Amino acid sequence: MTTLATPTSVGAGLDRVDAPLKTTGTAHYPNDFSYPGLVHAALVGSTIAAGRIRGIDASAAQAAPGVITVITHLTAPRLERGPMTLLGQSPPAPLQDDRILHYGQHIAVVVADSPERARHAASLVRVTYEPADPLLDVRDPRAEIVENPWGLDTARGDVAAGFDRADVVVEGDYSTPDNTNNPLGLMTTIASWHGDSVTIHDSTQWPHNVRTSIARIFGIPESGIRVLAPFVGGGFGAGLRVWSHTVLTVLAAREVKHPVKLVLTRPQMFTSVGHRPNSVQHIRIGATSAGDLVAIEHHGLSSVAMADDDYEPVSLCSAVSYACPNVVTRDRQARLNIPCPGSMRAPAEAQGNFALESAIDELAHTLGIDPLELRLRNFAETHPVLGLPWSSNALRECYTEGAERFGWSRRTPGIGSLRDGRWLVGYGLASVSYPFYQMPCQARGSLRRDGSAYVRSAATDIGTGTYTVMTQLAAELLGLDIGRVRFDLGDSDMPYAPQAGGSGLTGALANAIHTACRNLVGEFLDVVRDDDASPLRGAEPDGVQVTDGRLHLVDDPGAGESYADILARHGLEELSADGRSTPPDAQRLGMATAGAFGAKFVEVRIDPQLGLLRVARVVSAIDGGRILNEKTATSQIVGGTVGGISQAIFEETVTDAGTGRIANATFGDYLVPVNADIPDVEVIFCGGSDRATEVGTKGVGEVGLVGLAAAIGNAVHHATGRRLRSLPFTIDQLML
């Protein structure tokens, strides 16, 4: 392997390379693009949650000023459903029949010469329905139950025997509500057809998925589709699937033969681009009096849409988090008349960890054992399911270093034993083990005669710092100054990249870039292999280092030459090379591929008379593998912490029990934290490079959120003695 003499780029807290574009307003998001002749679309949503359309009258809308067309299920062409993806089945194609499956379902699209006229005309569409009684409650006995939806239920040991020998058993029911992804920027699609080809600007976290899906839905070759998303803004999972508004924009543009732009409204964001499904969980844990876990049983029931699938194995975390010999996890889904759920930051883990880590804390209290000690005692030295050693696992260090930084030793065990004036003070802890996830990825690198490098892949950057981190990595691998490297993404014409989600993009993309850069250096060595004028003639990659844009022999640093000199002497403008990464195989490695680990420490303060809850301090100790940029990685954990606090004490998507309407689908009604709600967040990284891949990273996008809800709930119990099992924690639950 070609190596650097001295690493100079990776690990440094480099400022974001895309910051100048964003701060000057010159970064182009999907909503910023335009085309000559651009027209605008608006959606009509169902006002019932279940039933059929009996009649739809679009005549007034069609006659409104500026209206070009109105498309309904009566006039829409036949569309195929999108393909099976890495994240499951695509959502159903829109406008294919008269069925109503949820409130807000897209039942018509209006195209006009301005967005205002399109929205006005959409309000003129008149619909009569044949309503049915909607299923809206995950506990409704009439709901169809999908057993073991993903084939991930687990069972090891003998759980019944484990509980028989347990000295202490704790159990409880836990519930989590629907949460809605609410990126600040509204999701936007622009579609422009050129004959049989189409260019799409989309608020997507996965350009290649949009290309593949549109090809299947419209029956056109992928080669005729280009998807652009150089800047997306937040997504939090909302941009992982190809939703019906994107399909309808492409359809409308084809029908009217003009470029079409569609921007969702804020209320439509609650019904159109997924949401974290609610869950009801039952968990039971048995242990010896010494605190050794002997049995865990975790059952999860979550909601899913009528004609869709969503990946939310909420109980699975209990199978891999602790060294327990007897474990059963079971997941089920209830089909309801709700908008299609989808991934929201830390899908499944955010819900499941809340139940597991709350129950572990309750067990510690029942046993009279310090919650930190109980977790250390049951640390999984090997992967609990595979029985293989971890590729890396610094969870012990997360516990001990986080506890020291937080001051956990100052915690007194008695309920309500810590006070600050009228405020009750509580300390809480939660453990996190976020699963490993990585998909195949490709990248391409080029070196030009001016000594600069251009590296690209069809990934997206949703604020995680992908532009910056991959620029750093390529600069280090090619031995170039940061300013000599350009990294581009967000274009489906670039080499394939998986989604920005699941904490898997950094690993997949970094390893693809690693290979591309290694192959690129190899291309230069091939050029000079028989070059008598080159001091590198006949050199092999293992014998060469790269420093300051110059290849030189490891044993003789003076023997070398620059990329630019090699290209110039051989009359070449540039050399390029491709690289790809594939997920590591645990059995072949003899190691269990490890995701991120973490320990979350929280201090809360509660006014017992008013029921006020304040999060006063948070320390997150994270094993994120090799950290490529400490500044952006820290930012990810801080952002996740905000999301975790929000999940714990603010967020709840409220559905009207009679109609299925989202009752709080605005920023005025859907509560999210503001700066005053968030304390200073301290982040420390533990451990080092992961052994499963050459780059050694782990994803940190999700692990920052997981565990906060449980840690806050555990701190509330320490302060008040109240065990809160339903999110979000509200004033009425805290009034003493």
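In this report, the structure presented in the accompanying data block is examined. (Residues numbered from 1 in each chain as written. Predicted model: local features only at pLDDT ≥ 70, side-chain atom pairs only at ≥ 80, totals over all residues. Heavy atoms only, no water.)

**Some thoughts on the nonpolar core**
- Within the largest apolar cluster, 72 residues are counted, with the highest numbers of intra-cluster contacts made by Ile285, Leu293, Leu363, Leu613, Ile649, Ile712 and Phe729.
- In contact with Ile712, other than residues within four places in its own chain, are Val602, Val604, Leu613, Val615, Ile645, Ala648, Ile649 and Phe729.
- By size, the runner-up hydrophobic cluster in this structure holds 50 residues, among which are Ala453, Phe487, Ile513 and Leu520. (Core = buried A, V, L, I, M, F, W, Y, C linked by side-chain atoms within 4.5 Å. Buried < 20%, exposed > 50% of the residue type's maximum accessible area, 1.4 Å probe, protein only. Contact = heavy atoms within 4.5 Å.)

**Observations concerning the environment of Ser272**
- Structurally, Ser272 can be placed in helix α7 (residues 266-272).
- Assessed through its relative accessible area of 4%, Ser272 is described here as buried.
- Put simply, Ser272 and Thr720 are 448 residues apart on the chain and 40 Å apart in space, counted from C-alpha to C-alpha.
- Setting aside chain neighbours within four positions, we find Ser272 in contact with His106, Trp243 and Leu264.
- Within the local environment of Ser272, its side chain forms a polar contact with the side chain of His106, the two groups lying 2.9 Å apart. (Helix = DSSP H or I, 4+ residues; strand = E, 2+ residues; numbered from the N terminus. Polar contact = N/O pair within 3.5 Å; in protein donor to acceptor, adjacent residues only side chain to side chain.)

**Remarks on the side chain of Ser321**
- Assignment of secondary structure puts Ser321 in the loop between α8 (317-320) and β19 (327-336).
- In terms of polar contacts, Ser321 uses its side chain to reach the side chain of Ser433, at 3.1 Å.
- Dropping the residues within four chain positions of it, Ser321 is found in contact with Leu356 and Ser433.

**Some points on the packing of helix α12 (residues 466-478) against helix α13 (residues 505-527)**
- Put simply, α12 and α13 touch, their axes get as near as 10 Å, and they point 30 degrees apart. Compared by their axis directions, α12 and α13 come out roughly parallel. Note on packing geometry: the crossing formed by α12 with α13 is right-handed. Facing α12, whose interface residues are Thr466, Met470, Leu473, Ala474, Leu477 and Leu478, α13 presents Leu505, Thr506, Leu509, Ala510, Ile513, His514, Cys517, Leu520 and Val521.
- The residue makeup of the contact of α12 with α13, split by class, is 12 nonpolar, three polar and no charged. (Axes fitted to C-alpha atoms, helices over the stretch in contact; angles between N-to-C directions. Parallel < 35°, antiparallel > 145°, perpendicular 65-115°, else oblique. Left-handed = near helix turned anticlockwise from the far one by under 90°. Nonpolar A, V, L, I, M, F, W, Y, C, P; charged D, E, K, R; others polar.)

**What to know about the side chain of Ser203**
- Looking at the secondary structure, you find Ser203 in the loop between β14 (197-202) and α5 (207-218).
- According to the relative accessible area criterion, Ser203 is buried, its value standing at 8%.
- In this structure the side chain of Ser203 is engaged in a polar contact, spanning 2.9 Å, whose partner is the backbone nitrogen of Thr188.

**So, the sheet that holds strand β29 (residues 597-607)**
- One open sheet accounts for five strands, arranged β20-β21-β29-β30-β31; its pairing is mixed. Lying at the two open borders of the sheet, with one neighbouring strand each, are β20 (418-420) and β31 (681-685). Neighbouring strand axes in the sheet, compared pairwise and without regard to direction, differ in orientation by 25 degrees on average.
- Sheet topology places strand β21 (residues 423-433) next to β29; 10 bridges connect them, and they run antiparallel. (Pairing = 2+ DSSP bridges.)

**Here's the deal with the pattern of salt bridges**
- One pass over the full model with this rule turns up 36 salt bridges.
- Asp133 is the partner of Arg142 in a salt bridge, and the nearest nitrogen-oxygen pair spans 2.9 Å.
- A salt bridge links Asp493 to Arg226, with the shortest nitrogen-to-oxygen separation between them at 3.4 Å. Of this pair, Asp493 sits in the loop between β24 (485-488) and α13 while Arg226 sits in strand β15 (residues 225-228); the two residues are 267 residues apart in sequence, bridging distant segments of the chain.
- Here the salt bridges do not stand alone but share partners, grouping Asp420, Glu603, Arg605 and Arg617 into one network. (Salt bridge = Lys/Arg side-chain N within 4 Å of Asp/Glu carboxyl O.)

**A few points about the state of the cysteines**
- One pass over the structure, following the stated rule, counts zero disulfides.
- Among the cysteines around Cys517, which has no disulfide bond, Cys441 carries the closest sulfur, lying 13 Å off. (Disulfide = S-S within 2.5 Å.)

**Remarks on the environment of Gly426**
- Turning to its location among the elements, Gly426 is positioned in strand β21.
- A C-alpha to C-alpha distance of 5.8 Å links Gly426 and Val716, two positions 290 residues apart in sequence.

**Section: the packing of helix α9 (residues 349-367) against helix α17 (residues 708-720)**
- The N-to-C vectors of α9 and α17 enclose an angle of 30 degrees; their axes lie 8 Å apart at closest approach. By the angle class used here, α9 and α17 are roughly parallel. By crossing handedness, the relation of α9 to α17 is classed as right-handed. Across the interface between the two elements, Asn353, Phe354, Glu357, Ser358, Asp361 and His365 of α9 pack against Ala709, Ala710, Asn714 and His717 of α17.
- Its residues placed into classes, the contact of α9 with α17 shows three nonpolar, five polar and two charged.

**Considerations on the sheet that holds strand β2 (residues 39-45)**
- An order of β4-β8-β2-β16-β13-β14-β15 is seen for the seven strands of this open sheet, with the pairing classed as mixed. Edge positions in the sheet fall to β4 (67-72) and β15, since each of these pairs with one other strand and no more. Direction aside, the axes of adjacent strands within the sheet are offset by 20 degrees on average.
- Pairing geometry for β2 and strand β16 (residues 260-263), over three bridges, is parallel. Counted as the bridge partner of His40 is Lys261 from β16.
- Of the strands in this sheet, β14 and β15 touch α5, which is tilted by about 150 degrees from β15.

**Digging into α9**
- Look at α9: 26 Å from first C-alpha to last across 19 residues, which is about the 27 Å you get at 1.5 Å a residue.
- Most of α9 sits out of view: 17 of its 19 residues are buried.
- Gly368 lies just past α9 and shows a positive phi near 75 degrees. (Expected span 1.5 Å × (residues − 1).)

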